[in-house]
Amino acid sequence: MKQSICVKINGRVYEDEVEPRQLLSFFLRETIGLTGTHVGCVIGECGACSVLLDGRLVKSCLLFAVQADKREIVTIEGLADDGRLHPIQEAFVQRYGLQCGYCTPGMVLAAHYLLGRNPDPTEEEIRKALAGNLCMCTGYMQIVDAVKEAAKKVNR
Ligand code: FES
Ligand code: FES
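As the structure is a computational prediction, the values presented were derived from the model and not from experiment.

Caption draft 1: Representation of the overall build of the chain. Across its full length, the chain holds 5 helices and 5 strands. Going residue by residue from the N terminus, the α and β elements of the chain occur as β-β-α-β-β-β-α-α-α-α. In terms of overall size, the chain behaves like a compact globule, its C-alpha atoms giving a radius of gyration of 15 Å where 156 residues would be expected to give roughly 15 Å. Each principal axis of the C-alpha distribution contributes one length, and for the chain these read about 50 × 30 × 25 Å. Sorting the 156 residues of the chain into buried and exposed places 44% on the buried side.

Structure follows, in structure tokens:
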């Protein structure tokens, strides 16, 4: 039997009926249409599906949509401001922190979560913060550089 949920996503309130077993990642992509939340492994390993839930970084493939009821989510689509990239997104572009882009929404949100708590992280802290996000393309150097650049931007 479907259950009603009410969830705020990127500042907008959505009310819907969902199957109790529907994963949050698929709810965001297929029901809401926010396909910036990518789905890779669906077992909590790759981080491509990361979103912020009440300000905390979570893997949306490890949650059911019903667990987001009466809570607030920010997806990658929620970072840009009126079509202008968020400074962290700009830093990823400037430092070539992506190739195919599959991991990028999760990487950017993991960086956002880190910099919100630690605006001036060391390289070790950056690598630790990104440890739950896998990239099959870049070898991570450019991604770490992008987060360093992002830290400079958000501290300006
Ligand atoms: S799809 Fe969620 S962690 Fe890989
Ligand atoms: S840029 Fe392709 S998986 Fe990271």
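Now that the structure has been shown, the text picks up again.
Caption draft 2: Layout of helix α2 (residues 87–94). Buried within α2 are the following residues: Ile-88, Gln-89, Ala-91 and Phe-92. Seen from one end, α2 has its buried residues packed into an arc of 160 degrees, which puts them on one side. On the buried face of α2, the contacting elements are α3 (104–117) and α5 (141–155). A positive backbone phi angle near 55 degrees is found at Tyr-96, which sits one or two residues after α2.

Caption draft 3: Spatial organisation of the pattern of salt bridges. Taken as a whole, this structure holds 7 salt bridges when the rule is applied. A salt bridge links Glu-90 to Lys-153; the nearest nitrogen and oxygen atoms lie 3.7 Å apart. One end of the pair, Glu-90, is in helix α2; the other, Lys-153, is in helix α5, with 63 residues separating them in the sequence. Residue classification places Glu-90 among the partly exposed positions, given a relative accessible area of 30%. Of the charged contacts, one joins Arg-95 and Glu-149 as a salt bridge, the two residues approaching to 2.9 Å between their closest N and O atoms. With a gap of 54 residues between them, Arg-95 in the loop between α2 and α3 and Glu-149 in helix α5 connect regions that are remote in the sequence. Look at Glu-149 and you get buried, because its relative accessible area is 9%. Linked by salt bridges that have partners in common, Arg-95, Glu-149 and Lys-152 make up one network.

Caption draft 4: Representation of the sheet that holds strand β1 (residues 3–9). Across the sheet, 5 strands lie side by side as β2-β1-β5-β3-β4; this open sheet has mixed pairing. One side of each edge strand has no neighbouring strand; the edge strands of this open sheet are β2 (12–18) and β4 (56–59). Within this sheet the neighbouring strands show an average axis-to-axis angle of 40 degrees, counted without direction. One ladder, built from 2 bridges, connects β1 with strand β5 (residues 72–74); its direction is parallel. When the bridges of β5 are listed, Ile-9 appears paired with Ile-73. The strands that helix α1 (residues 24–31) touches are β1, β2, β3 (50–53) and β5; relative to β1, the one it contacts most, it runs at about 75 degrees. The sheet strands contacting α3 are β3, β4 and β5, and the helix crosses β3 at an angle near 35 degrees.

Analysis parameters
Residues numbered from 1 in each chain as written. Chains lettered and ligands numbered in written order. Predicted model: local features only at pLDDT ≥ 70, side-chain atom pairs only at ≥ 80, totals over all residues. Heavy atoms only, no water. Helix = DSSP H or I, 4+ residues; strand = E, 2+ residues; numbered from the N terminus. Rg over C-alpha atoms; globule rule 2.2 N^0.38 Å. Buried < 20%, exposed > 50% of the residue type's maximum accessible area, 1.4 Å probe, protein only. Arc of directions from axis to C-beta. Contact = heavy atoms within 4.5 Å. Salt bridge = Lys/Arg side-chain N within 4 Å of Asp/Glu carboxyl O. Pairing = 2+ DSSP bridges. Axes fitted to C-alpha atoms, helices over the stretch in contact; angles between N-to-C directions.

By themselves, these are just geometric observations and shouldn't be taken as functional.
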